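Fold and contact review
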Amino acid sequence: MLSTIYIEGWRLDQYKDENVNVVSQILDIKDIEKNATDYALSFTVPPSSRNNILFKHWYDFNIDNGYDARAKKAGEIYLDGILFKEGFFRLEKGVVKKGRIAEYVLSFTGSLPSIKDKAKALELKDLFLEDNVGYTYDQYDHDYDSATVKTGLTSSLLGGDVIYSLFSNKQYYFKANGVDDVQTETLANIAWDAGDNTGVVWNDLKPSLKVLAIIEAIEAKLEISFSRDFFGTSEFSELFMWLNPDKKKEINGNFLRVDFDSGDDFYMDLTTDEGTYPTSLNASFVRKFKLFLEITPEPGYENVDYQVKYYKNGEVAGEWEVGGTNPITTFNTNEIILQNNDEDETFQVYFEVISQQELSYTASLFQKAYIGGGTNDLFTYASADTISSRFIVSENIPKMKIIDFLKGIFKMYKLVIYPTDEDVYYVNTVEGYYAEGISYDLTKYIDWESYDVNRGEILNEINFKFQDPKTLLNIQYKSNNGVGYGDEDARIYTDSTETELLDGGSLVIELPFEQIVYERLYDLETELITNVQYAAVIDESLDTVNPKAHLHYNSLVNIAGSKLGFITDTGGKILLDTTLNTPSHGDNLISPQYSTTFAKNFSTWSNLEFDKNLYTNHYKQYVEDIFNIKKRTTKIKANLPIHIITKLKLNDIIYIKGNYYRIDKYSYNLLDGKADFDLVNSFDNTISPLKASTSSIYVTSAAVTKYVQLFNAAEALPTKSDVGDGVTWVTLNLSSTIPNLLEVSFDENTTEDEREMYLELANGGVIYLFQSEKYYIPTLDFSDYRNSQYLNLII
């Protein structure tokens, strides 16, 4: 068998007796939180004239423009002219003996690590800045005013990619008694039928952005592409990230440099709006300056909060947050002193005003120059200028590195990722990935002389954790239950009695995201549960807190019977009584098929358990198979023909003498053509995989489209099965761009009756569909809710 290695199109000379073992591994069964890739242990190549041309005698550092061993080089491995592996080669070292190069030492890895190389230290905010070339970086920025927030709160913005829901830095309650008129910095009655000041203040809210939109921005920034096998499903595509700024109570929004246009221009340039202030050690010249800036909001803007930043020599040298309680704000207590430090020095100074809301203001700058024994006073002015009210995503998205975000998503859903082309990556769940494998009968290729059957590495506990909670209700939950909301301690027992743990170790899988426990409000006047659920983003002192990035689903809920007040940017109060975006941990409020929790937590909406959660949907079957009492790890050798080894994938099923196996990993020796397999015996679930990514879809009466991944569906539409409600209210389509992605479109249900049907898949699977009636309002028994095991609400 002839193996050939190319680096950037250049064929390498190889030793005829050099063992090069290429190891293939995607899912590491010994560490289930990791995804791996192809790699080869260090191997050597001779210092032939051909190899010396490629490596440019790298061992000699005196050679100019030599081979750059700092970077990995793309390459391929061929077997008898057929492509076997693609990846990256790195020159590790040159071995010199008696003054002459003796050999070069190389290593090989698959393409997956290049994502980390591309991401480097980039953060999520970098995705929405102007230098994200080829991407409309500000497409999710939007007007930040009460009219826009109201639209985002009662429906959506920007094609559904942006919504507002009730995430608040104050504590809400609901008391519709006509007189309860509480609206403070920390507490608010939001019922419509209360006092004049009650309701949700519009700028207490910040939006959420679809996580798929962040994935799309990452693709543009890193110039890569992820498949939509999983990212295109409703489980992921309907997920949102709440946009909260990094710093506590920081003001983010649009900004303007203070535009000085009249008065003294001796130091302040009225064109550039930048002042030049030279100081000298000579007592006859200016020794120092004192600057005082005064900002005066125009009439009607006296109560707008804003921030002023002072820049010195291009860097922020001071900043002040200004509450909109005083119509005129002066910085006499924050004077700016410009003074040399034992040498002549010149300072370049300018100012910015930042506001989330529209703000019109004028400014004056008092400049006192100290010359000799006296002073010289100068005044420069700025006419009225206006900051438009915009929500800027880059300034409000949680602080997180791109690579940490991606790792968090991959861990959250136990995703498989591997390259299919240059900068193109397949991404899918374990179930979806395994379902695409085919079976190979390797019985006649196995070396039966000797093989090992091992116990393998065993775990008896896997801890799935979110970040430590900072918000009030989750702190209370952790205090009451010992773990945070959403966390799961999965324990693996010897049998179904769950009395004895397996003899093994433990593993912690921690996500970079934080859970927030929501609160469904009840009317304190009537003690009836309302259709209003919100997230109190406050700590135990009822003060504003900034949690780590938070992911959530959203449900549009009818609030006709739970009317809310809404305080606009003019201070007026308007009625909200139609629909309301409602944050939730499950994909819907009727019967969630997906959850953002690992544990079977009780829903804060319905007080029912999330039976289908991250653990049960994406880890449980995989874990149970790995640690099944019948599970063995078999190490065995095989001599495979070219037509199998060049096509074999890690999700393929290996059939040997009547038994089925999954591949943990395998290595292939390029010298002798022998393959060493680590196999795990396979169980029924992998031989007859799931037929679709969900077995049920529940929706409300609104028109909506859901996306389901079909496994081994052969691009065939399901058959609609009538159970008495007809079938015309659902339209089915296969995605034109994503293989095996089924689009299930529900018409609006305008009747007062719920309806259901079944979808029968071509390969034998079934999906149950349910749509609620027009006036369906999810309810909850108040006593059950109030006495639930996890809520200890404070009002």
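Residues numbered from 1 in each chain as written. Predicted model: local features only at pLDDT ≥ 70, side-chain atom pairs only at ≥ 80, totals over all residues. Heavy atoms only, no water.

1. A short note on the overall build of the protein
When you go through the protein residue by residue, the secondary structure sums to 14 helices and 52 strands. Its C-alpha atoms give the protein principal-axis dimensions of about 95 × 85 × 50 Å. A buried classification covers 53% of the 795 residues belonging to the protein. Partitioning the contacts of the protein with sequence separation of at least 6, the portion at a separation of at least 24 is 69%. Element-wise, carbon and sulfur atoms account for 46% of the exposed surface of the protein, whose accessible area totals about 34700 Å². (Helix = DSSP H or I, 4+ residues; strand = E, 2+ residues; numbered from the N terminus. Buried < 20%, exposed > 50% of the residue type's maximum accessible area, 1.4 Å probe, protein only. Contact = heavy atoms within 4.5 Å. Areas by Shrake-Rupley, 256 points an atom, 1.4 Å probe, with all protein chains shown as cover.)

2. Looking at the sheet that holds strand E40 (residues 573-576)
If you walk across this open sheet you meet the 3 strands as E13-E39-E40, and the pairing is mixed. Taken across any chain shown, the strands that pair with only one partner, and hence form the sheet edges, are strand E13 (200-201) and E40. Pairing of E13 with strand E39 (residues 564-567), which is carried by 2 bridges, proceeds in the parallel orientation. Bridging from a neighbouring strand, Val201 pairs with Ile567 of E39. (Pairing = 2+ DSSP bridges.)

3. Points about the pattern of salt bridges
For the structure on display, the rule yields 16 salt bridges. Among the ionic pairs, Asp678 bridges to Lys635, the shortest N-O distance being 2.8 Å. Taken together, the positions of Asp678 in strand E45 (residues 674-681) and Lys635 in strand E42 (residues 633-639) put the pair 43 residues apart, joining distant regions of the chain. We note a salt bridge from Glu748 to Lys774, for which the minimum N-O separation is 2.9 Å. Of the two residues, Glu748 sits in the loop between strand E50 (741-746) and strand E51 (755-760) while Lys774 sits in the loop between strand E52 (766-771) and helix H14 (782-786), which places them 26 residues apart along the sequence. Residue class for Glu748 comes out partly exposed when judged on its relative accessible area of 41%. (Salt bridge = Lys/Arg side-chain N within 4 Å of Asp/Glu carboxyl O.)

4. Here's the deal with helix H7 (residues 402-413)
Counted at 1.5 Å a residue, the expected span for H7 with its 12 residues is 16 Å, and the 17 Å between its end C-alpha atoms agrees. Where burial is concerned, most of H7 is hidden: 9 out of the 12 residues are buried. Looking at H7, one finds that the buried residues are Ile402, Ile403, Phe405, Leu406, Gly408, Ile409, Phe410, Met412 and Tyr413. Following H7 by one or two positions, Lys414 has its phi on the positive side, about 50°. (Expected span 1.5 Å × (residues − 1).)

5. A closer look at the sheet that holds strand E35 (residues 505-510)
Strand order in the open sheet formed by 3 strands is E34-E33-E35, with mixed pairing between adjacent strands. A strand with exactly one partner marks an edge of an open sheet, and here the two such strands are strand E34 (488-491) and E35. In this sheet, adjacent strand axes meet at a mean angle of 15° when their direction is disregarded. Bridging between strand E33 (residues 459-465) and E34 involves 4 bridges; their strand directions are antiparallel. Within E34, the residue paired with Phe464 across the bridge is Glu488. (Axes fitted to C-alpha atoms, helices over the stretch in contact; angles between N-to-C directions.)

6. Observations regarding unusual backbone geometry
For residues other than glycine, phi is negative in most cases, and the peptide bonds are mostly trans. If you check the backbone angles, Asn313 has positive phi at about 55° while not being a glycine. With respect to the secondary-structure elements, Asn313 resides in the loop between strand E21 (306-312) and strand E22 (315-322). Even without being glycine, Asn740 reaches a positive phi, approximately 60°. Overall, the relative accessible area of 18% leaves Asn740 in the buried class.

7. Examining the side chain of Asn244
Among the structural elements, Asn244 can be located in the loop between strand E16 (240-242) and strand E17 (254-257). A polar side-chain atom of Asn244 sits 3.2 Å from the main-chain carbonyl oxygen of Pro547. Apart from the residues within four sequence positions on either side, Asn244 is in contact with Lys206, Asn396, Ile397, Pro398, Asn546 and Pro547. (Polar contact = N/O pair within 3.5 Å; in protein donor to acceptor, adjacent residues only side chain to side chain.)

8. Describing the confidence of the model for the protein
A residue-level look at the protein finds 91% of positions with pLDDT of 70 or above and a mean pLDDT of 87. Per-residue pLDDT stays below 50 along residues 786-795; that stretch engages in 27 contacts with residues further than four places along the chain or on separate chains. (pLDDT = per-residue confidence, 0-100.)

9. Focus: the environment of Arg491
Mapped onto the fold, Arg491 is located in strand E34. Each C-alpha atom of the pair Arg491 and Ala71 lies 43 Å from the other, and the pair is 420 residues apart in sequence. Filtering out sequence-adjacent residues up to four positions away, Arg491 remains in contact with Asn460, Glu461 and Leu501.

10. Let's talk about a nonpolar patch on the surface
A cluster of nonpolar side chains, Trp448, Tyr451 and Val453, forms an exposed patch at the surface whose accessible area comes to about 280 Å². Classification of Val453 as partly exposed rests on a relative accessible area of 46%. (Patch = residues over 30% accessible without salt bridge, like charges linked within 9 Å, V, L, I, M, F, W, Y side chains within 5 Å.)

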